Amino acid sequence: MQWKFEELRKEPLLHFFIIALMLFIAAEFLNKDNKFNQEYTLLINEDKIIEHLQFQKKTFNQTFARRYWQSLTQTEKFNLIDDYIREEILYREAINLGLQEHDQIIRRRLIQKLDYVTGGFSSKISITDEDLKNYFQLNQEKYRIEASITFTHVFFDARHYSKENLEETAKQTLDQLLKQSIPFEKSSLYGDRFLFHRNYVERTYQLVASHLGNTLAQNVFDLPLNTWSGPLESPYGLHLILVSDHKKSRLPSLTEAYPLVLEDYRREKLEVNKKMKFKELLAEYRVEWDNSLPYVPMDTTYAK
């Protein structure tokens, strides 16, 4: 037995095995130590602080963020760095505790963030005059200018008169207005105070109807110009009305509607670009369906 142990001690293969085992244990220990150090090491440099500043200011313009950083005082820079360190440590501890798992608020926030980023990448779109012209021709009705009317009125509050007196007072006043050709600007000398306005300048049917009711609004848009008309009934009483201008509904020129057309076209292009970007992402995934679920075409899964 003693002889075999002595022989084994002299075996080179055993020496090689023992040395390899020691090296393996040492490597594992060093790697563990290195991992520990990385987890609890904060790398702070100007790029990290600029990135932190960008998120604070909600801007992806790095040039702006860098200039802003350079304009700060030493105290402001110190406070910003201190804020970065605090947030980074709290973030890492939260990740270590697994607080991000199954949190719908964090999930929604990440989705919004990526949606914003992809929108930002898509913002560099070229728009030509020909693009806007074609878009306007296809959507011209969308920019139709509504009919509008300008008028003043003399109001008789139904709460202040009996039914007979209300109508008689309104008719007598109408005669006076017509005989004296009372102008637009002197209508306030007659009648009672109205709940809304006395004068309406270039107002649409919807607004007039919201103040005077649908029936009277329809009548007002049919009245002749520059003469007193009435009495006309509203839910509040009787009205004598002088219409001074009536603009018909019409389609605008591209020049008139240019700001709206440009904004609408740009927004639609951004939406198209974002959907194309999502399609590129979707193509990298394989979606598996449970048989209990109805099949939904993939193009409609993200359509909103």
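Data block above holds the structure.
Residues numbered from 1 in each chain as written. Predicted model: local features only at pLDDT ≥ 70, side-chain atom pairs only at ≥ 80, totals over all residues. Heavy atoms only, no water.

A. Representation of the nonpolar core within the structure. Among the nonpolar cores identified, the biggest contains 16 residues, and Ile149, Phe151, Val208 and Ile241 are the most heavily contacted of them. For this core, the elements supplying multiple residues, two or more each, are strand S1 (148-157), helix H9 (205-212), helix H10 (214-220) and strand S4 (237-247). Not counting the four nearest positions on each side in its chain, Val208 is found in contact with Ile149, Phe151, Arg203, Gly213, Ala217 and Phe221. Val154, Ala170, Phe184 and Leu238 belong to the second-largest nonpolar core, a separate cluster that totals 13 residues. (Core = buried A, V, L, I, M, F, W, Y, C linked by side-chain atoms within 4.5 Å. Buried < 20%, exposed > 50% of the residue type's maximum accessible area, 1.4 Å probe, protein only. Helix = DSSP H or I, 4+ residues; strand = E, 2+ residues; numbered from the N terminus. Contact = heavy atoms within 4.5 Å.)

B. Representation of the pattern of salt bridges within the structure. For the structure on display, the rule yields 13 salt bridges. Between Glu141 and Arg144 there is a salt bridge whose closest N-O contact spans 2.5 Å. Using a relative accessible area of 35% as the deciding quantity, one classes Arg144 as partly exposed. The residue Lys247 makes a salt bridge to Glu202 at a minimum N-O spacing of 3.1 Å. With a gap of 45 residues between them, Lys247 in strand S4 and Glu202 in strand S2 (residues 199-204) connect regions that are remote in the sequence. By relative accessible area, Lys247 is classed as partly exposed at 36%. Residue classification places Glu202 among the partly exposed residues on the basis of a relative accessible area of 46%. (Salt bridge = Lys/Arg side-chain N within 4 Å of Asp/Glu carboxyl O.)

C. Main features of the pairing of strand S3 (residues 228-234). Across 5 bridges, the pairing between S3 and S4 is antiparallel. Considered in S4, the bridge of Trp228 is made with Leu242. In this structure, the hairpin formed by S3 and S4 is closed by a connection of 2 residues. (Pairing = 2+ DSSP bridges.)

So far we have only geometry, and geometry alone does not tell us how the molecule works.
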